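What the coordinates show
Next come the chains, spelled out residue by residue.
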Amino acid sequence: MGLAFATVTVSMLATGCGGSGSQQGELDTPTKGEIHISVDKTYQPLLESEIRVFQSQYPNAKIIADYKPEAECFKDLFDDSARLIIVTRELKENELEFFKKEKIRPQSGKLATDAIALIVNHNNADSILTMDQVREIMNGKAQKKWNIVFDDQNSSTVRFILDSINKGQPLPPNTMAAKSNTEVLAHVEKDKDAIGVIGVNWISDTNDSTAIEFSNRVTTVKLRGDGYTDFVKPYQYYIGTKSYPLTRGMYYILKEPRQGLGSGFVTFLSSQPGQLVIGKFKLFPARLNIVFREATLTE
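Below is a summary of the structure that appears in this document. (Residues numbered from 1 in each chain as written. Predicted model: local features only at pLDDT ≥ 70, side-chain atom pairs only at ≥ 80, totals over all residues. Heavy atoms only, no water.)

A few words now on the pairing of strand β5 (residues 107-120). The buried fraction of β5 amounts to twelve of the 14 residues, a majority that puts the element mostly inside the structure. The pairing of β5 with strand β12 (residues 247-254) spans eight bridges and is classified as antiparallel. Across the sheet, glutamine 107 pairs through a bridge with leucine 254, a residue of β12. Relative to strand β13 (residues 284-285), β5 runs antiparallel, the two being bridged by two bridges. In the strand pairing of β13, alanine 112 is matched with proline 285. Across five bridges, the pairing between β5 and strand β9 (residues 194-199) is antiparallel. Of the residues in β9, the one forming a bridge with leucine 118 is valine 197. Across two bridges, the pairing between β5 and strand β10 (residues 219-220) is antiparallel. Bridge pairing in β10 links isoleucine 119 to threonine 220. (Buried < 20%, exposed > 50% of the residue type's maximum accessible area, 1.4 Å probe, protein only. Helix = DSSP H or I, 4+ residues; strand = E, 2+ residues; numbered from the N terminus. Pairing = 2+ DSSP bridges.)

Laid out in structure tokens, this is it:
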């Protein structure tokens, strides 16, 4: 049976990050000091690992990540509560215009291709779905009863489903916000009619106890994208080739007028070590050259 695997090469794609060089009196540097950043909470397992690796390399640096719904991350960026946010979209035109009027030039860039995972109860027979079926579930037109569970009403996963699947149409009444990804897991585990919507890094790192717990307690749905014949799970290869249909970007947005600790952390996230951590969590790194090779597995 021939399967394609992703081989990571060490050559890096060009990255650009850094501040404008103006001085605001902060004492932090790219490798020293302390800052708060705001992170979409769908990326919590991944960013916790990235911060551990970064701080092990630079022991005089301390990054305090606040994990929250994406909408709150952008609020922090606009009200100067955070210089750096990690989110699932880039700035919109009206947001760029706001910064232009303030004479601020935020930097942004894609760090990875991410995916949304759908999870169901082990006793739910419908763990293989077409995208038409997913659309029917999310717009409330499915014949079968489904209880849709998100981590937060302001979550990036809610926005993704509304924008990319429902095309602006509202979610059905049988939709709930569980307040955290672990609560999504708990609800799906108890409710055989539930379908949970989470970021893929919560279930992808097999060395992480949280990811193992998710995999053991719920079933990840296989999906068939429009125009495809195979049903696939959100594995790294299928995310990279976009044959898994629910993909999105992972972005940094940095508002730092000089080379501070935010710039240093972005440089790390874009570097080979930071990108390899992203690969470990089975997202598809954006700043590494990836080569797919055919391999044959034999039992």
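There is more to say, and it comes next.
The subject of this paragraph is the pattern of salt bridges. Here the structure, examined in full by the defined rule, presents 16 salt bridges. A salt bridge links aspartate 163 to arginine 159; the nearest nitrogen and oxygen atoms lie 3.6 Å apart. Here arginine 159 and aspartate 163 lie together in helix α5 (residues 156-165), a separation of four residues that amounts to about one turn. A residue is classified by how much of its surface remains accessible, and aspartate 163, at 45% relative accessible area, is partly exposed. (Salt bridge = Lys/Arg side-chain N within 4 Å of Asp/Glu carboxyl O.)

Turning our attention to the side chain of threonine 42. As for its position among the elements, threonine 42 is in the loop between β2 (33-40) and α1 (44-57). According to the relative accessible area criterion, threonine 42 is buried, its value standing at 0%. One polar contact links threonine 42 to aspartate 40, side chain to side chain, over a distance of 2.8 Å. The contact partners of threonine 42, leaving out residues within four places of it in the chain, are Asp151, Ser155, Ser156, Thr157, Asn181, Gly199, Asn201, Trp202 and Arg248. (Polar contact = N/O pair within 3.5 Å; in protein donor to acceptor, adjacent residues only side chain to side chain. Contact = heavy atoms within 4.5 Å.)

Looking only at helix α6 (residues 181-190), the buried set comprises Asn181, Val184, Leu185 and Val188. Along the long axis of α6, the arc covered by the buried residues comes to 100°, so they all point the same way. (Arc of directions from axis to C-beta.)

Our next topic: the environment of isoleucine 37. In this fold, isoleucine 37 is placed in strand β2. What makes isoleucine 37 buried here is its relative accessible area of 0%.

Let us now look at the packing of helix α2 (residues 70-78) against helix α3 (residues 93-101). Helix-helix packing is characterised by the crossing angle of the two axes and by the distance between the axes. Here α2 crosses α3 at 15°, and the two axes come no closer than 12 Å. By the criterion of interaxial angle, the relationship of α2 to α3 is roughly parallel. The crossing of α2 and α3 is left-handed. For the pair α2 and α3, the contacting residues are Phe74, Leu77 and Phe78 in the first and Glu95, Phe98 and Phe99 in the second. Looking at the contact of α2 with α3, its residues break down into five nonpolar, no polar and one charged. (Axes fitted to C-alpha atoms, helices over the stretch in contact; angles between N-to-C directions. Parallel < 35°, antiparallel > 145°, perpendicular 65-115°, else oblique. Left-handed = near helix turned anticlockwise from the far one by under 90°. Nonpolar A, V, L, I, M, F, W, Y, C, P; charged D, E, K, R; others polar.)

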